[in-house]
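Here's the letter readout for the chains.
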Amino acid sequence: LGIRDGKLVVACKDFRSDAIKYRLDDYDSISNIYVEGLDEKLSELSSSRSHVVDLDELMIVMQDNPVFKKCPRLKDRFWDMFVVDALIGNNDRNNGNWGILVHTQTKEIAIAPVFDNGASFNHNSSDEKIERILKDPQSFRMSAYDSRRCAFGLADRAINPFLYIEQMENADCNQAVRRVVPRICLSAL
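Keep in mind the model is a prediction, meaning the values are calculated, not measured. (Residues numbered from 1 in each chain as written. Predicted model: local features only at pLDDT ≥ 70, side-chain atom pairs only at ≥ 80, totals over all residues. Heavy atoms only, no water.)

Further remarks concern the overall build of the protein chain. Along the backbone of the protein chain there are nine helices and eight strands. Across the 189 residues of the protein chain, 37% fall into the buried class. Counting contacts in the protein chain only where the partners sit at least 6 residues apart, residues at least 24 apart contribute 63% of the total. Taken as a whole, the protein chain presents about 12,100 Å² of accessible surface, with 51% of it coming from carbon and sulfur. (Helix = DSSP H or I, 4+ residues; strand = E, 2+ residues; numbered from the N terminus. Buried < 20%, exposed > 50% of the residue type's maximum accessible area, 1.4 Å probe, protein only. Contact = heavy atoms within 4.5 Å. Areas by Shrake-Rupley, 256 points an atom, 1.4 Å probe, with all protein chains shown as cover.)

Below, the structure is given as structure tokens:
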């Protein structure tokens, strides 16, 4: 994170080693590829196409879309991001903020590095507000846990990622917790 022209910005290295050879295809652009029979599966979901990214729809698309089939570890990456985003408070992991890299000549596919974490760590809160929250246990719990929402949801309702994780109803999410949590080293902070 940094400040540029008085605004908070995310600065990251261009992870496409050679912009001419690789292009970034975000989930949104890939999910729009026509796949025969997919419309029928998606129509079974009760979605009114709200601003919430439906987790059930996302999983169906990842299972049936031929591009995603070429990159089977992408589902693991998604769930790892979901868990980490919950921990860092990133509520902006929409479908334009993750995806794959495609080699423009060979069409080889690789998982894109994680990018666009600018909505993390209460980025819009002043230092004074953060200090007040940290000093009051009830405010801290509300800010860090109870009121947390993410870009993903179920049945057109944004979910609290911590509650979703706690319910342990999604095997892929549970596996991500098992992968991610042991790698967290709070003493290094």
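Another aspect to go through is the nonpolar core. Counting residues in hydrophobic clusters, the biggest one holds 32 residues, and the most contacted among them are Leu58, Phe78, Trp79, Phe82, Trp98 and Phe152. Mapped onto this core, the elements with two or more residues apiece are helix H1 (27-31), helix H3 (55-64), helix H4 (66-69), helix H5 (74-88), strand S5 (99-103), helix H8 (161-167) and helix H9 (171-180). Element by element, the count of residues in this core is highest for H5, at seven residues. Ignoring anything within four residues of it in the chain, the contact list for Leu58 reads Tyr27, Val53, Phe78, Asn95, Trp98 and Phe152. (Core = buried A, V, L, I, M, F, W, Y, C linked by side-chain atoms within 4.5 Å.)

If you walk through the whole model with that rule in mind, you get six salt bridges. Where Asp25 meets Arg23, a salt bridge forms, and the shortest distance between an N and an O atom there is 2.9 Å. Given a relative accessible area of 15%, Asp25 falls into the buried group. We classify Arg23 as partly exposed; its relative accessible area is 35%. (Salt bridge = Lys/Arg side-chain N within 4 Å of Asp/Glu carboxyl O.)

Okay, the sheet that holds strand S8 (residues 157-158) next. Across the sheet, which stays open at both edges, the three strands sit in the order S4-S7-S8 with mixed pairing between neighbours. Sheet topology places strand S4 (53-54) and S8 at the edges, where each strand pairs with a single neighbour. Across two bridges, the pairing between strand S7 (residues 152-154) and S8 is antiparallel. Bridging across to S8, Gly153 finds its partner in Ala158. (Pairing = 2+ DSSP bridges.)

Here we take up the side chain of Asp25. The topology assignment puts Asp25 in strand S3 (residues 22-26). In terms of polar contacts, Asp25 uses its side chain to reach the side chain of Arg23, at 2.9 Å. Excluding residues within four positions of it along the chain, Asp25 makes contact with Ile30, Gly99, Ile100 and Val102. (Polar contact = N/O pair within 3.5 Å; in protein donor to acceptor, adjacent residues only side chain to side chain.)

With that settled, consider a nonpolar patch on the surface. There is a patch of nonpolar side chains on the surface, built from Leu87, Val181, Ile184 and Leu186 and spanning about 370 Å² of accessible area. A residue is classified by how much of its surface remains accessible, and Leu87, at 45% relative accessible area, is partly exposed. (Patch = residues over 30% accessible without salt bridge, like charges linked within 9 Å, V, L, I, M, F, W, Y side chains within 5 Å.)

Turning next to the environment of Pro72. Tracing the chain through its elements places Pro72 in the loop between H4 and H5. Pro72 sits in the exposed class, given a relative accessible area of 64%. Separated by 39 residues in the primary sequence, Pro72 and Ile111 have C-alpha atoms spaced 9.6 Å apart.

The phi angle at Lys107 is positive, at roughly 65°, despite the residue not being glycine. Residue position: Lys107 is located in the loop between S5 and strand S6 (109-111).

A separate point is the packing of helix H6 (residues 127-135) against helix H7 (residues 137-146). Across the interface, H6 lies against H7 with an axial gap of 5 Å and an inter-helix angle of 110°. Judged on the interaxial angle alone, H7 and H6 are roughly perpendicular. From H6, Ile133, Leu134 and Lys135 reach across to H7, where they touch Pro137, Ser139, Phe140 and Ser143. (Axes fitted to C-alpha atoms, helices over the stretch in contact; angles between N-to-C directions. Parallel < 35°, antiparallel > 145°, perpendicular 65-115°, else oblique.)

As a general point, the strands of a sheet are linked pairwise by backbone hydrogen bonds and lie either parallel or antiparallel. As summarised here, the arrangement of the three strands in space is S3-S5-S6, forming an open sheet in which the pairing is antiparallel. The sheet terminates laterally at S3 and S6, the two strands that pair on one side only. Neighbour-to-neighbour, the strand axes of the sheet open up by a mean angle of 30°, direction not taken into account. As judged from the three bridges shared by S5 and S6, these two strands associate in the antiparallel manner. Residue pairing for S6: Leu101 is matched across the bridge by Ala110.

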